[in-house]
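Survey of secondary and tertiary structure
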Amino acid sequence: MAVQEIAKGIYSVGARDWDIRDMHGYSTNRGTTYNAYLIIDKKITLLDTVKHYCMDQLLENIRQIIDPAKIDYIVANHVEMDHSGGLTQMMELCKPEKLICSPMGKKALLDHFHHEEWPYEVVKSGNQISLGKRTLQFLETRMLHWPDSMFSYLKEEGILFSNDAFAEHLCTSELYDDEIDLSLLMQECGKYYANILYPYSGLVKKVMETVDEMNLDIKMIAPDHGVIWRKHIDTIFEAYRQWSSGTASKKVLVIYETMWDSTRKMAFAVEKGLLENDVSVKMINLKTMHYSDVIAEVLDARAILLGSSTLNNGMLPAMNNFIYYMKGLKPFNKLAASFGSFGWSGEAVGLMNGILEGLKLELVDSGIKHKYVPTEEALEACTEMGRRVGAKVAGEFTV
Ligand code: FEO
């Protein structure tokens, strides 16, 4: 990643990871970046490091500006290893005066690296540290994405260093939001939100309210993955407000996996009923899409209808995988139902219903299961379920 000056004396010095395709189960089809930022002031300050195998890139970039040994302060906005994997090496090189982190950050740094002697400077929300001409103000942002996470706001320049928030996994040679296609960018931001921040939506909402109340004059948001926001700040803020509130579109997903085509026939019978209404329908065969892409579709869907055949008293493997992944991400404000074919025991529908109920999604049907190959009557029952769900969703969006 070439060094780029984002404001006078402030540099983007992080690393690009074009090759990564898996981030703890998240399919990163377009790679990612680990952004780090260097502020040249009386106290030379580095915000975050990078993943351990990208340290050469970070050091090479810093050396184009200064000798890394001259860094006075390191800010650890987040301890997860994609941002602190290079911290031990950097601490040895710099021996900084301060390692600035949140209270939870200090605990997590100790639990990761076991260095009691590091010069921790613990900051809480509202605390400020002068760098010389400029000032960093901190805001703890617990669970965005870990308990230790925080934002650092550079007051004089209006730059919000937001770490994981407002980020996306997208590796690009462009640095800013207005240099790439906005719809692609928002698509990746939605996928990122769904896979990383969805379960913490209540806390995201509070952070958004706090940022509003602080009335910050934000000219730039500099996250630790993907591009810097300078033109579309309102767009990403509004998207976070919508996503954290569970705002849905009139989209219905039929997500299924089939063994001998019977459940697939049921899925398309459901679709037939849905399409009798003014709704947008997506048919997702779990064998064709990665679960982390499916959850991105779930984010703004109003209804999710799940289909699986029964295999060995359970769901088929891809549905099993997806539904447990989804369970952890805690989607909310959705209508739901399930269906599927079976041979002799037929547990899949009950298992799917149990998880949907556990998520407190609104079950709109007790579930449809049919032995072996569906009859015309069974398919009509599926169509009727689709019809009812479609009518309900369309009705909500009729002005
Ligand atoms: Fe980009 Fe939670 O780490």
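One can find the structure itself at the top, above this paragraph.
All values derive from a computational prediction rather than experimental measurement.

Observations regarding the packing of aromatic side chains
Within this structure, the stated rule accounts for 13 aromatic pairs. Pairing Phe 166 with Tyr 240 gives two aromatic rings, centres 4.6 Å apart and planes at 50°, and the pair type is tilted. Remark: Tyr 240 occurs in helix α7 (residues 233-245) and Phe 166 occurs in the loop between β15 (159-163) and α5 (182-197); sequence separation between them is 74 residues. Residue classification places Phe 166 among the buried positions, given a relative accessible area of 1%.

Brief notes about the pairing of strand β14 (residues 150-154)
Among the 5 residues in β14, 5 count as buried, and that is most of the element. Both faces of β14 are covered, namely the face carrying Met 150, Ser 152 and Leu 154 and the face carrying Phe 151 and Tyr 153. Relative to β14, strand β13 (residues 135-140) runs antiparallel, the two being bridged by 5 bridges. Of the residues in β14, the one forming a bridge with Leu 139 is Phe 151. Sheet topology note: the β14/β15 ladder contains 3 bridges and is antiparallel. Opposite Leu 154, over in β15, you have Ile 159 as the bridge partner. Here β14 folds back onto β15, and the loop between the two strands holds 4 residues, one of which, Gly 158, carries a positive phi near 70°.

Considerations on the nonpolar core
Counting residues in each nonpolar core, the largest one holds 94 residues, and the members touching the most others are Phe 166, Ile 236, Tyr 240, Ile 255 and Ile 304. With 8 residues, the single largest contributor to this core is α5. Ignoring sequence-local partners within four residues, the contact set of Ile 304 consists of Leu 253, Ile 255, Val 298, Met 326, Leu 335, Ala 336, Ala 337, Leu 356 and Leu 361.

Observations regarding the pattern of salt bridges
Where charged atoms from two side chains of opposite charge come close, those side chains can pair. Counted by the stated rule, this structure contains 22 salt bridges. Measuring nitrogen to oxygen at the nearest pair gives 2.9 Å for the salt bridge that ties Lys 219 to Asp 217. Residues Glu 297 and Lys 251 are paired through a salt bridge, measuring 2.8 Å at the closest nitrogen-oxygen approach. Here the residue Glu 297 occupies a position in helix α9 (residues 291-298), and Lys 251 occupies one in strand β17 (residues 251-257), the gap between them amounting to 46 residues. Each member of the pair, Glu 297 as well as Lys 251, carries the same accessibility label: buried.

A closer look at empty space enclosed by the protein
Going through the model one piece at a time under the given rule, you end up with 2 cavities of 30 Å³ or more. Approximately 50 Å³ is the volume found for the largest cavity. Every residue along the wall of the largest cavity is listed here: Met 23, His 24, Glu 80, Asp 82, His 145, Asp 164, His 169, Tyr 192, Ile 196 and His 225. Class assignment of the residues belonging to the lining of the largest cavity gives a composition of 3 nonpolar, 4 polar and 3 charged. Of the voids in this model, the second largest cavity is the one considered here, and its volume is about 30 Å³. If you trace the second largest cavity, you find it lined by Gln 137, Phe 138, Leu 139, Phe 151, Tyr 153, Leu 160, Met 214 and Leu 216. Counting residues per element, the lining of the second largest cavity draws most heavily on β13, at 3 residues. Tallied by class, residues from the lining of the second largest cavity come to 7 nonpolar, 1 polar and no charged.

Focus on the side chain of Thr 32
Looking at the element boundaries, Thr 32 is found in strand β6 (residues 32-34). The exposure class assigned to Thr 32 is buried, which follows from its relative accessible area of 0%. Of the polar contacts made by the side chain of Thr 32, one reaches the side chain of His 169; its length is 2.6 Å. When near neighbours in sequence (up to four residues on either side) are disregarded, Thr 32 contacts Arg 16, Asp 17, Ile 20, Met 23, Glu 168, His 169, Leu 170, Cys 171 and His 225.

Details of unusual backbone geometry
Backbone geometry places Lys 330, a non-glycine residue, at a positive phi of 50°. At Tyr 372, a residue that is not glycine, the phi angle is positive and equals roughly 50°. As for its position among the elements, Tyr 372 is in the loop between β24 (368-371) and α12 (376-396).

Focus on the environment of Tyr 26
Inspection of the secondary structure puts Tyr 26 in strand β5 (residues 26-27). Under the relative-accessibility criterion, Tyr 26 is labelled buried at 1%. Put simply, Tyr 26 and Glu 209 are 183 residues apart on the chain and 28 Å apart in space, counted from C-alpha to C-alpha.

Thresholds, definitions, all that
- Residues numbered from 1 in each chain as written.
- Predicted model: local features only at pLDDT ≥ 70, side-chain atom pairs only at ≥ 80, totals over all residues.
- Heavy atoms only, no water.
- Phe/Tyr/Trp six-rings, centres within 6.5 Å; stacked < 30°, edge-to-face > 60°.
- Helix = DSSP H or I, 4+ residues; strand = E, 2+ residues; numbered from the N terminus.
- Buried < 20%, exposed > 50% of the residue type's maximum accessible area, 1.4 Å probe, protein only.
- Pairing = 2+ DSSP bridges.
- Core = buried A, V, L, I, M, F, W, Y, C linked by side-chain atoms within 4.5 Å.
- Contact = heavy atoms within 4.5 Å.
- Salt bridge = Lys/Arg side-chain N within 4 Å of Asp/Glu carboxyl O.
- 1 Å grid on protein atoms, 1.4 Å probe; cavity = no way out; pocket = protein on both sides within 12 Å on 5 of 7 lines; lining within 4 Å.
- Points joined across faces, edges and corners; volume = space filled by probe spheres on them.
- Nonpolar A, V, L, I, M, F, W, Y, C, P; charged D, E, K, R; others polar.
- Polar contact = N/O pair within 3.5 Å; in protein donor to acceptor, adjacent residues only side chain to side chain.

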